[in-house]
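Structural characterization, general
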Amino acid sequence: MKRISILLFILSIFIQTGKSQDATNIVAILCGQTSVFDIGSGCQTNLDKVSDMVEDIGNVLDIDVNIITVSGRDYTKDNILSQLNGLELDNPESTIVIFYGTGHGFNYQNEASQFAFLGAHPSRRQLSASEFHEFGLSLELEIHNILMRKNPRLLITLGEACNNVIALDAPQTLLSEGLEWIPMSPNSDRFERYRELFLDMQGDVISTSSRYGEYSWIDTTATGGGVWTNQFLMAFNDAVSSSESANWEDIFDTAQASTREATTGMKIPQNPVYDMNWVGTPMELDENPQKKSKPKGKPPKVKLEDSGYIAPKVKIIQYDKTSNDQ
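Residues numbered from 1 in each chain as written. Predicted model: local features only at pLDDT ≥ 70, side-chain atom pairs only at ≥ 80, totals over all residues. Heavy atoms only, no water.

Take the pattern of salt bridges next. Under the definition given, this model contains seven salt bridges. In this structure, Arg190 and Asp56 form a salt bridge, with 3.1 Å as the shortest nitrogen-oxygen distance. Across the pair, exposure class does not vary: Arg190 and Asp56 are buried alike. The closest approach of N and O atoms between Arg211 and Glu214, which form a salt bridge, is 3.6 Å. Members of the salt-bridge network, linked through shared partners, are Glu192, Arg195 and Asp200. (Salt bridge = Lys/Arg side-chain N within 4 Å of Asp/Glu carboxyl O. Buried < 20%, exposed > 50% of the residue type's maximum accessible area, 1.4 Å probe, protein only.)

See the structure below:
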């Protein structure tokens, strides 16, 4: 009888473990300043492309996906924070959380964070000093940190926004703290690549589309969207379509280099930055700290009224479907 009880106990553990693995799910919070007069359409394009990417991941891995969208007139700091603070994860150890924000952005002159602040107002790009404090939402100090406290298995925080400097210091409260996504069939290689990136990894990643003091360029046409968003999605799609193992560092490095190349002819070339921390990896010397370093020299002097400057036309490297369907 004892032997049978032991076997039943072991079987119950096995079943529970299997259920825990099967319960892996994705929660994606996608926020966009889609109602603003100048870049709203480009932000909507960004949201559509990232949403398609998230749904494809869920389809290939056969896991549940919950997409929460905050856009249009609802795109406010209070609404975004409400979604973040109210987020409850039933099984944090089995949950992948993805945050993506797109809209006008800025940074403070005392560089409270190297990552951009979203100007979380539904329709305005020009704000007074007090309004910058009221509507400014830090990708790192607020969004990423709030989601980190939810203890998800994997957290990916992405921001497509300008990171140019305004002549204001950050509030003391913070200082104290052309590609169109085409879903593919779930072939074995694609499943393995998704497994490597989402099921085998545990930790967090944060990235913003431009370095401290820089603009982020966007194409407002229906098929355009942000330069960095397009380059990131292209790098991601190439990685998961390959027969070679995929890793996040290669994806972000590729997106970083191609974004820089695509914006060479712009007023200020764009250099995305990222930082990642994986659970279970040993401490090591970073041989290439450039991706996280401050730009050399003083930040460019930018007038407040120019803080949302965009390019009327941006060259977007187009997605070549044939190269990935073979």
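A few words now on the packing of aromatic side chains. Tallied over the entire structure, the rule returns 15 aromatic pairs. Through pairs of rings, three or more aromatic residues link up here, namely Tyr194, Phe198, Trp228, Phe232, Phe236, Trp248, Phe252 and Tyr274. (Phe/Tyr/Trp six-rings, centres within 6.5 Å; stacked < 30°, edge-to-face > 60°.)

A few words on the packing of helix H8 (residues 227-240) against helix H9 (residues 248-262). Put simply, H8 and H9 touch, their axes get as near as 8 Å, and they point 140° apart. Classed by the angle they form, the pair H8 and H9 counts as oblique. Here H8 runs over H9; the crossing is right-handed. Contacts between H8 and H9 involve Val227, Trp228, Gln231, Phe232, Ala235, Phe236 and Ala239 from the former and Trp248, Ile251, Phe252, Thr254, Ala255, Ser258, Thr259 and Ala262 from the latter. By residue class, the composition of the contact of H8 with H9 is 11 nonpolar, four polar and no charged. (Axes fitted to C-alpha atoms, helices over the stretch in contact; angles between N-to-C directions. Helix = DSSP H or I, 4+ residues; strand = E, 2+ residues; numbered from the N terminus. Parallel < 35°, antiparallel > 145°, perpendicular 65-115°, else oblique. Left-handed = near helix turned anticlockwise from the far one by under 90°. Contact = heavy atoms within 4.5 Å. Nonpolar A, V, L, I, M, F, W, Y, C, P; charged D, E, K, R; others polar.)

A few words on helix H2 (residues 40-61). Helical geometry: 3.6 residues make up each α-helical turn, so side chains three or four residues apart lie on a common side. Over its 22 residues, H2 extends 32 Å from the first C-alpha to the last, a length consistent with the 32 Å expected when each residue adds 1.5 Å. Looking at the residues trailing H2, positive phi occurs at Asp62, about 60°. (Expected span 1.5 Å × (residues − 1).)

Geometry only, nothing functional implied.
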